[in-house]
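Residue strings, one per chain:
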Amino acid sequence: MERQALKEKLQVLIKELKKQDDDSPITNLKIDKNKAAEIENLTVELENLNPHPQPLQTAINLLNGVWQLQYSTAREIRALDSLPLGLRIGKVFQVINVADAQFFNLAYVKHPLKFISGYVKVTARFEPDLAQSNLPDKRINVYFDKRYLAIDKILGVNTPQLNPFKVVDAKGPKGRVATLDITYLDETLRIGRGGDESLFILQKADDLPELQQI
């Protein structure tokens, strides 16, 4: 019961801090420092009650599917607040395919006056990090592949010629392999810690919404 109560408290706090109606993720830079500290403290308490402390061994299939990002302290997520052309970040998802050891991150973007809508997509593959143990534990190595920039509509008109308009190699952190520790995992909530100590809190989603619904 303690774990469920902590989980609900954390989720309610994040929901209360989301002032946008677009359900975009919040970052520690968007909120009061005391609230960011409260999220961190609740997260640590919940991580200590992780039902799957070795998720890559005992619960890897729970990773499958669509996850929506709720909160993050990661630099790459905070950078989405500074998009060009007046674009604003909307919902952000991560879709994981365990069988193929692949995932992609998908961030929907749009202009507040609905002039433009589109997305940023990054593809990647992953593998268990076996450097400290011969058995999978909670850390994965991440190898980024491609970054897609796309405009779906301009002034309500579909723009397939701009979907995508740019595809480039997605770069990981310079000089090292990107890693992620899965520090909490159940059927509906996932918490991860990046190699740069960044925090990601994600909630399971039913499916990816259509761009028109964003």
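Quantities reported herein were computed from a predicted structural model and do not represent experimental measurements. (Residues numbered from 1 in each chain as written. Predicted model: local features only at pLDDT ≥ 70, side-chain atom pairs only at ≥ 80, totals over all residues. Heavy atoms only, no water.)

Engineer: Would you take a moment to explain helix 1 (residues 2–17) for this structure?
Structural biologist: Side chains of residues three or four places apart in an α-helix project in the same direction, reflecting 3.6 residues per turn. With 16 residues, helix 1 should reach 22 Å at 1.5 Å per residue; the first-to-last C-alpha distance of 23 Å fits that figure. Among all positions in helix 1, only Leu6, Lys7, Leu10, Leu13, Ile14 and Leu17 are buried. Along the axis of helix 1, the buried positions cluster into a sector of 130 degrees, meaning they face one direction only. Opposite its buried face, helix 1 presents the exposed residues Lys15 and Glu16, each directed more than 90 degrees away. (Helix = DSSP H or I, 4+ residues; strand = E, 2+ residues; numbered from the N terminus. Expected span 1.5 Å × (residues − 1). Buried < 20%, exposed > 50% of the residue type's maximum accessible area, 1.4 Å probe, protein only. Arc of directions from axis to C-beta.)

Engineer: Help me understand the pattern of salt bridges, please; the structure alone is not making it clear to me.
Structural biologist: Tallying each qualifying case throughout the model produces 8 salt bridges. Salt-bridge contacts for aspartate 186 lead to arginine 3; the nearest nitrogen and oxygen are separated by 3.5 Å. Here arginine 3 lies in helix 1 and aspartate 186 lies in the loop between strand 9 (178–185) and strand 10 (189–194), a separation of 183 residues in the sequence. Notably, a salt bridge pairs aspartate 186 with lysine 7, separated by 2.9 Å at the nearest N-O pair. Linking aspartate 186 in the loop between strand 9 and strand 10 with lysine 7 in helix 1, this pair joins segments that are 179 residues apart in sequence. You can call aspartate 186 buried: its relative accessible area is 3%. Put simply, Arg3, Lys7 and Asp186 are held in one network by salt bridges that share partners. (Salt bridge = Lys/Arg side-chain N within 4 Å of Asp/Glu carboxyl O.)

Engineer: Would you take a moment to explain the packing of helix 1 against helix 2 (residues 33–47) for this structure?
Structural biologist: When two helices pack together, their arrangement is captured by the angle between the axes and the distance separating the axes. Between helix 1 and helix 2, the least distance of the axes is 10 Å, while the angle of their chain directions is 155 degrees. Relative to helix 2, the element helix 1 is oriented roughly antiparallel. Note that helix 1 runs across helix 2; the crossing there is left-handed. Residues Arg3, Leu6, Lys7, Lys9, Leu10, Leu13, Ile14 and Leu17 of helix 1 form the contact with helix 2, whose own contacting residues are Lys35, Glu38, Ile39, Leu42, Thr43, Glu45 and Leu46. Tallied by class, the residues present in the contact of helix 1 with helix 2 amount to 8 nonpolar, 1 polar and 6 charged. (Axes fitted to C-alpha atoms, helices over the stretch in contact; angles between N-to-C directions. Parallel < 35°, antiparallel > 145°, perpendicular 65-115°, else oblique. Left-handed = near helix turned anticlockwise from the far one by under 90°. Contact = heavy atoms within 4.5 Å. Nonpolar A, V, L, I, M, F, W, Y, C, P; charged D, E, K, R; others polar.)

Engineer: Please clarify how the environment of asparagine 105 should be interpreted in this entry.
Structural biologist: Summarising the element assignment, asparagine 105 is placed in strand 4 (residues 102–110). Residue classification places asparagine 105 among the partly exposed positions, given a relative accessible area of 24%. As a C-alpha pair, asparagine 105 and glutamine 68 span 37 residues in sequence and 9.7 Å in three-dimensional space. Sequence-distant contacts of asparagine 105, defined by excluding residues within four places in its chain, comprise Phe93, Gln94, Val120, Lys121 and Val122. Here glutamine 94 takes part through its side chain, which lies 2.8 Å from a polar atom of the side chain of asparagine 105. (Polar contact = N/O pair within 3.5 Å; in protein donor to acceptor, adjacent residues only side chain to side chain.)

Engineer: Sorry, what's going on with unusual backbone geometry here?
Structural biologist: In terms of backbone geometry, most residues other than glycine have negative phi values and most peptide bonds are trans. Here asparagine 163 and proline 164 are connected by a cis peptide whose omega angle stands at 0 degrees. Residue placement: proline 164 occurs in the loop between strand 7 (157–158) and strand 8 (166–169). Its identity as a non-glycine residue notwithstanding, alanine 101 has a phi of 55 degrees, on the positive side. Looking at the secondary structure, you find alanine 101 in the loop between strand 3 (88–97) and strand 4. If you check the backbone angles, glutamate 197 has positive phi at about 70 degrees while not being a glycine.

Engineer: Mind showing me how you'd approach the pairing of strand 4 here?
Structural biologist: In regular strands, side chains alternate between the two faces of the sheet. Note that strand 3 and strand 4 share 8 bridges and pair antiparallel. Bridge pairing links valine 95 to phenylalanine 104 in strand 4. Counted between consecutive antiparallel strands, the loop separating strand 3 from strand 4 contains 4 residues, among which alanine 101 sits at a positive phi close to 55 degrees. Alignment of strand 4 against strand 5 (residues 116–128), held across 9 bridges, turns out to be antiparallel. When the bridges of strand 5 are listed, phenylalanine 103 appears paired with alanine 124. Counted along the chain from strand 4 to the antiparallel partner strand 5, the turn is 5 residues long, and its residue lysine 114 has a positive phi close to 65 degrees. (Pairing = 2+ DSSP bridges.)

Engineer: Help me understand the environment of lysine 7 in this model?
Structural biologist: Judged by relative accessible area, lysine 7 falls into the buried class, the value being 7%. Between the C-alpha atoms of lysine 7 and leucine 189, which are 182 residues apart in sequence, the distance is 8.4 Å.

Engineer: What is the right way to read helix 2 from this model?
Structural biologist: Between its first and last C-alpha, helix 2 extends 21 Å over 15 residues, near the 21 Å set by a 1.5 Å rise per residue. All of the buried residues along helix 2 are Ala36, Ile39, Leu42, Thr43, Leu46 and Glu47. With its buried residues spanning 135 degrees around the axis, helix 2 presents them on a single face. In helix 2, the exposed positions angled more than 90 degrees off the buried face are occupied by Lys33 and Asn34.

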